[in-house]
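Coordinate inspection notes
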Amino acid sequence: MTELTNLTVAEIRDGHRAGDFSAVEVAEAFNANVAGAKALNAFIVETPEHALAAAKQADADRAAGTLKPLSGVPIGMKDLFATNGVQTTAASHMLEGFVPRYESTVSQKLWDAGCGMLGKLNLDQFAMGSSNETSYFGNVISPWKRNDGGNAALAPGGSSGGSSSAIAARLCPAATGTDTGGSIRQPAAFTGISGIKPTYGRCSRWGIVAFASSLDQAGPMARDVRDCAIMLENMAGFDPKDATSLDMAVPNWEAALSSDLKGKTVGIPKEYRLDGIDPDIDAMWDAGIAMLKDAGAEVVEISLPHTKYALPAYYIIAPAEASSNLARYDGVRYGLRDLPQGAGLQDMYAATRAEGFGPEVKRRIMIGTYVLSAGFYDAYYTQAQKVRTLIARDFEQAFASCDVILAPTAPSAAFGLGEKMADPLAMYLNDVFAVPASLAGLPAMSVPAALNREGLPLGLQIIGKAFDEQGVLNAGLAIEERAGFTARAEKWW
Amino acid sequence: MAIDQATVRKIASLARIAISDAEAAAMEGELNGILGWVEQLGEVDVTGVEPMTAVIPNTLRLRDDVVDADPLTGGNRRDDVLANAPAPQHGFFGVPKVIE
Amino acid sequence: MTDYRIKGETGEWEVVIGLEVHAQITTNAKLFSGAATAFGAEPNTQVSLVDAAMPGMLPVPNRECIRQAVRTGMAIEAEINKWSRFDRKNYFYADLPQGYQISQLYHPLVGEGSLTIEADEKAGIPQAKRIGIERIHVEQDAGKLMHDQHPTMSYVDLNRSGVALMEIVSRPDMRSPAEAGAYVRKLRSILRYVGSCDGNMEEGSMRADVNVSVRKPGDEFGTRTETKNVNSVRFVMAVIEGEAKRQVELIESGGTVVQETRLYDPDRNETRSMRSKEDAHDYRYFPDPDLLPLILDDDFLAECRASLPELPDAKRARYLSEGISAYNADVLTAEVEAARWFDTLLEAGAKPVAAANWVTSELFGALNRLGRDISDSPVSPAQAAELLGLVADGTISGTIAKAVFEKMLETGDGAAAIVEREGLKQTSDTGAIEAEIAKVLAANADKVEQYKGGKEALFGFFVGQTMKAMQGKANPQVVNELLKKALG
Ligand SMILES: [Mg+2]
Ligand SMILES: [Zn+2]
């Protein structure tokens with residue numbers, strides 16, 4: 001029998017349904033992998049008992065003939081989702097020890113679908129980062145190594161780096177991620193897995209620790225496109241508790257998967273051809289174009305003229321929203337309280353927030369506070385929101401002549417831990433290809449497409465029209481089938 | 001618009017983040033780097049462009065005026081609300097004494 | 001014109017007043033959560049995860065809050081903005097769990113409107129005056145801090161946190177404490193008519209931020225101060241009086257008024273600077289990204305308008321047109337309950353003028369004596385209509401009516417039944433009355449002489465005597481006629 005932890009979500013689901021193995025066996029196998037992978041630091045909290053309990057229920061349900069869509073599938077939960085009775089930290093000191101008495105809508109949907117939880121996955125603190133180096137609970141290490149014989153620890157990407165690392169290392173078949181400016185797609189690309197950020201509003205934000213409300217979207221990360229479709233079907237859906245939730249039926253994405261792209265047009269944005277970019281990235285992109293043509297699609301060049309301004313607009317809007325969203329962490333109702341001798345209320349706030357937030361979080365709160373402050377609001381924030389309108393308009397115009405857009409996910413492969421930490425701007429540039437779709441709220445996914453010269457995975461990004469996750473998944477599938485990406489990190493942990 | 005250390009301290013105070021002089025000095029450079037970079041947005045001609053209000057066409061839904069219809073958004077759960085409080089006091093949240 | 005002026009050493013000063021009234025919207029649930037809004041609950045029991053600003057919590061607006069604010073806007077004939085949105089006002093305080101208040105700065109729900117305060121000579125308002133209302137926006141209330149329960153701690157209760165408020169912002173159109181008082185009373189009256197706020201100032205359902213500045217008449221506006229959370233009409237007036245005087249004295253002694261937030265201490269009847277709230281406020285308002293723009297459709301607006309009751313000004317005009325005195329019309333329309341009671345009385349067939357006189361004197365007098373509100377009046381409008389009907393058709397006299405009303409209050413019985421039982425029916429039987437008149441005139445021959453000699457004032461005496469002899473049950477008009485004939 002194949003090792004259970006090598007199975008995909010679909011294979012586990014179907015195998016369990018067919019009686020090839022029990023859910024408890026699956027849970028135990030993954031629990032063992034989780035327990036044996038401390039070196040990756042992918043989990044903040046491990047919850048083997050949760051996974052086992054769900055597995056026992058799944059086995060009972062199979063016996064009773066009451067199987068649920070994801071019975072028997074254990075998953076990882078990014079520690080940005082509030083989980084009832086299980087510590088939820090957003091990888092911050094601020095929320096260390098915080099145990100919510102409520103469950104996020106998305107995680108609840110997954111439990112209702114029969115999933116079990118292997119643990120809470122590490123991430124960049126408050127989802128702010130692109131390398132998983134800002135977690136209070138330590139860096140997540142990518143399972144991948146360069147093929148140069150060196151042993152440099154690599155970044156799994158961020159902010160969903162615990163999710164990407166755990167999936168790539170077979171610690172879980174799938175996991176939740178959240179994407180504000182690339183936090184699902186970029187870590188997926190860095191670790192050779194798939195991930196999709198759906199249209200803004202598809203997944204409820206209720207119970208997800210907020211970073212930037214107008215950008216945050218939950219989505220699945222898994223090993224292949226089908227698994228992403230299956231997971232997304234069980235995460236998405238209208239939620240009356242989220243005023244920005246889309247009141248639309250969830251399509252049956254898995255059933256409609258098709259890699260036949262005849263009659264489809266793929267747009268290639270010329271502005272994404274950056275000067276001086278890694279030639280491996282360009283080569284992968286060209287190969288991707290060929291694959292989509294091979295799948296029957298027509299390929300056209302498109303223009304997204306404001307691409308250059310997406311990242312700076314993002315670095316005004318996201319910190320502005322974050323500076324306000326994170327004001328609730330004040331040491332009054334939950335989380336850390338730092339009360340120096342004789343301190344008053346306002347001193348307590350300042351001390352608590354100085355102690356509870358890491359440097360990157362502080363940096364973004366400071367930027368956000370500044371751009372919203374009196375006299376600067378229009379020059380920064382209003383201008384950025386106008387540019388955002390232009391960026392969305394660019395996509396709208398581009399989609400008049402194409403169905404999906406193909407681009408690289410990130411401008412480089414995974415970098416070494418510590419390599420970019422000294423320069424925040426260099427770190428921010430990682431999301432240059434990911435951020436435009438976030439600003440426009442569009443569905444976008446990353447699929448692994450190639451290895452670079454150093455033997456590290458590279459991802460291709462497909463961006464779709466609003467609500468057209470199906471088009472994105474189908475194009476992703478066409479690439480997946482043709483790229484034949486089977487590489488995996490050799491176990492060293 | 002370069003910011004100085006006094007401005008850094010003012011922002012930190014607005015954001016209620018205590019910072020040392022050394023941190024203020026370090027942040028001055030970082031923030032100026034980032035702000036200088038985002039200021040390229042000023043180049044974009046936005047004449048007649050409205051700032052974005054909703055990223056995906058969607059209208060604001062309104063709720064019915066019903067108490068505790070959903071326990072997740074209703075009241076009557078003081079224990080849950082106070083469960084993680086650093087200084088719960090007889091059903092209240094305790095904070096250092098405030099002089100108004 | 002009797003303009004309100006403060007006499008300073010350098011001459012007369014005019015006071016300029018603007019009010020920001022926070023009115024709690026009458027709803028079952030909070031503005032953005034399903035927690036209850038009832039007054040006086042145990043601490044932190046009416047708090048949802050949303051109100052406590054737990055991580056990942058999101059606001060969803062309550063339709064009724066929007067509806068009531070729109071109806072209020074319509075009642076002050078304001079522009080209703082079909083496109084509005086919520087903004088965040090960012091600041092840190094222990095009663096503000098999110099670290100921001102969800103409010104509306106850039107695009108409020110309700111735009112420009114106005115209300116009219118009536119002339120009140122006695123109060124120093126020589127003529128009716130329109131007071132501009134700049135806007136009404138919807139926002140969240142904050143929680144409550146208690147400072148006296150622990151030696152080193154303050155206690156936070158979030159029951160009020162997230163309760164819906166309307167902030168009703170006036171133009172700086174008022175020029176005296178009396179005008180400001182009249183404005184608050186009128187606004188309160190309108191809100192209660194509309195049903196959007198219960199107007200209960202003791203429970204904090206309505207409170208005013210009082211903006212005051214002074215200037216020499218004709219000069220530019222001076223610098224204003226804002227005294228926060230003043231919770232009675234009397235205090236609003238006291239704040240203005242005290243603050244205007246303070247500012248005049250300050251300016252005349254060479255100082256300058258600083259724009260600041262002040263707090264009113266009713267015990268000492270003075271305001272003081274609120275240093276704790278003063279430190280460089282920069283609220284960093286921006287559109288709340290958790291909420292989309294609020295777009296109202298025509299059906300919603302039509303329903304809001306259709307559901308509006310007759311408002312105080314219209315009602316007052318109607319009463320005047322029915323011959324009711326201005327004074328009575330004011331008294332009857334001030335409180336919605338009284339107006340509603342009175343209208344029911346009219347619907348039951350009572351004649352407007354007589355009914356107005358009776359309600360404002362007899363009924364209000366009795367309620368006063370009994371310490372009861374009109375909403376729990378022991379006599380119903382139907383019962384009162386019956387009583388007034390008996391007077392109108394001559395069954396009983398006004399005098400008897402007073403006695404019957406007393407009996408009604410005592411026993412709860414109907415007027416007709418009491419009149420019947422006690423034999424109080426008024427008689428127009430000329431024979432019986434003539435017989436009594438004859439007796440009265442015979443017994444007072446001297447006075448008859450005097451009357452005939454020109455002392456006509458004695459006529460009233462004969463009427464009184466005859467009525468007395470008839471035990472009040474004679475029809476006064478008939479008595480008059482017969483007496484005139486007899487004295488001929
Ligand atoms: Mg105010
Ligand atoms: Zn207000």
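As a starting point, this report considers the structure included with it. Treat the numbers as computed from the prediction; the structure is a model and nothing was measured.

Section: the overall build of chain A
Along the backbone of chain A there are 15 helices and eleven strands. What you see for chain A is a C-alpha radius of gyration of 21 Å, in line with the 23 Å of a compact globule of 493 residues. Once the C-alpha set of chain A is aligned to its principal axes, its extents read approximately 65 × 55 × 50 Å. Counting only residues that meet the buried cut, chain A has 70% of its 493 residues in that class. Contacts in chain A between residues at least 24 apart in sequence constitute 77% of all its contacts with a sequence separation of at least 6. Surface exposure of chain A reaches about 14000 Å², of which carbon and sulfur atoms provide 50%. Each charge class in chain A can be summarised by its mean position, and for the 42 positive and 55 negative side chains these summaries are 3 Å apart.

Regarding the coordination of the magnesium ion (ligand 1)
Residue and element names in this part refer to chain C. Bound to the magnesium ion (ligand 1) are the protein donor atoms Glu20 (OE), Asp209 (OD) and Glu226 (OE), situated 2.0 to 2.4 Å from the metal. Mapping the donors of the magnesium ion (ligand 1) onto the primary sequence gives the spacing E-x188-D-x16-E. Separating the magnesium ion (ligand 1) from the zinc ion (ligand 2) is a gap of 5.2 Å. With Asp209 in strand E11 (residues 206-215) and Glu226 in strand E12 (residues 225-230), this pair connects stretches of sequence that are 17 residues apart. With respect to burial, Asp209 and Glu226 carry one shared label: buried.

Thoughts on the sheet that holds strand E8 (residues 144-146) of chain C
Judged by pairing direction, the sheet is antiparallel, and its four strands sit side by side in the order E1(B)-E2(B)-E9(C)-E8(C) without closing on themselves. Taken across any chain shown, the strands that pair with only one partner, and hence form the sheet edges, are strand E1 (88-89) of chain B together with E8 of chain C. The sheet contact formed by E8 of chain C and strand E9 (residues 153-157) of chain C spans three bridges and is antiparallel. Residue pairing in the sheet places Lys144 of chain C in a bridge with Asp157 of chain C of E9 of chain C.

Topic: the pattern of salt bridges
What the rule picks out here adds up to 72 salt bridges over all chains. Between Arg205 of chain A and Asp290 of chain C there is a salt bridge, with the nearest N and O atoms lying 2.9 Å from each other. With Arg205 of chain A in the loop between strand E5 (194-197) and strand E6 (217-222) and Asp290 of chain C in the loop between strand E15 (286-287) and strand E16 (294-295), this pair bridges two chains. Here Asp290 of chain C falls in the buried class, since its relative accessible area comes to 3%. For Arg262 of chain C, the salt bridge identified is with Glu260 of chain C, shortest N-O distance 2.4 Å. You'll find Arg262 of chain C and Glu260 of chain C in the same group, each marked buried. Taken together, the shared-partner salt bridges connect Arg205 and Asp242 of chain A together with Arg88, Asp288 and Asp290 of chain C into one network.

What counts, and where the lines are drawn
Chains are numbered independently. Their residues run from 1 in the order of the written sequence. The lettering of chains begins at A and the numbering of ligands begins at 1, in the order of writing. Local features in this predicted model are restricted to residues of pLDDT 70 or higher, and side-chain atom pairs are both shown and tallied only at a pLDDT of 80 or more, whereas totals for entire chains, interfaces and linings draw on every residue. Hydrogens and waters are ignored; side-chain quantities use all the structure's heavy atoms. Secondary structure elements follow DSSP: runs of H or I of four or more residues count as helices, runs of E of two or more count as strands, with numbering from the N terminus. In this treatment the radius of gyration is a C-alpha quantity, and the globule benchmark scales as 2.2 Å times the residue count to the 0.38 power. The cut-offs for exposure are 20% and 50% of the maximum accessible area for each residue type, with area from a 1.4 Å probe on protein chains only; residues under the lower value are buried, those over the upper are exposed, and the others partly exposed. Any pair of residues with heavy atoms lying within 4.5 Å of one another is described as a contacting pair. Each accessible area is a Shrake-Rupley estimate made with a 1.4 Å probe; only the visible protein chains count as cover when residues are assessed. When charges are counted, Lys and Arg contribute as positive and Asp and Glu as negative, whereas His and the chain ends are disregarded. For the purpose of locating charges, the reference atoms are NZ of Lys, CZ of Arg, CG of Asp and CD of Glu. In this listing, donors mean N, O and S atoms no farther than 2.8 Å from the metal, or 3.2 Å for Na, K and Ca; water is missing from the atoms, so a site can look incomplete. Strands were regarded as paired on the criterion that DSSP finds at least two bridges between them. Salt bridge, as used here: a side-chain nitrogen of Lys or Arg that lies within 4 Å of a carboxyl oxygen of Asp or Glu.

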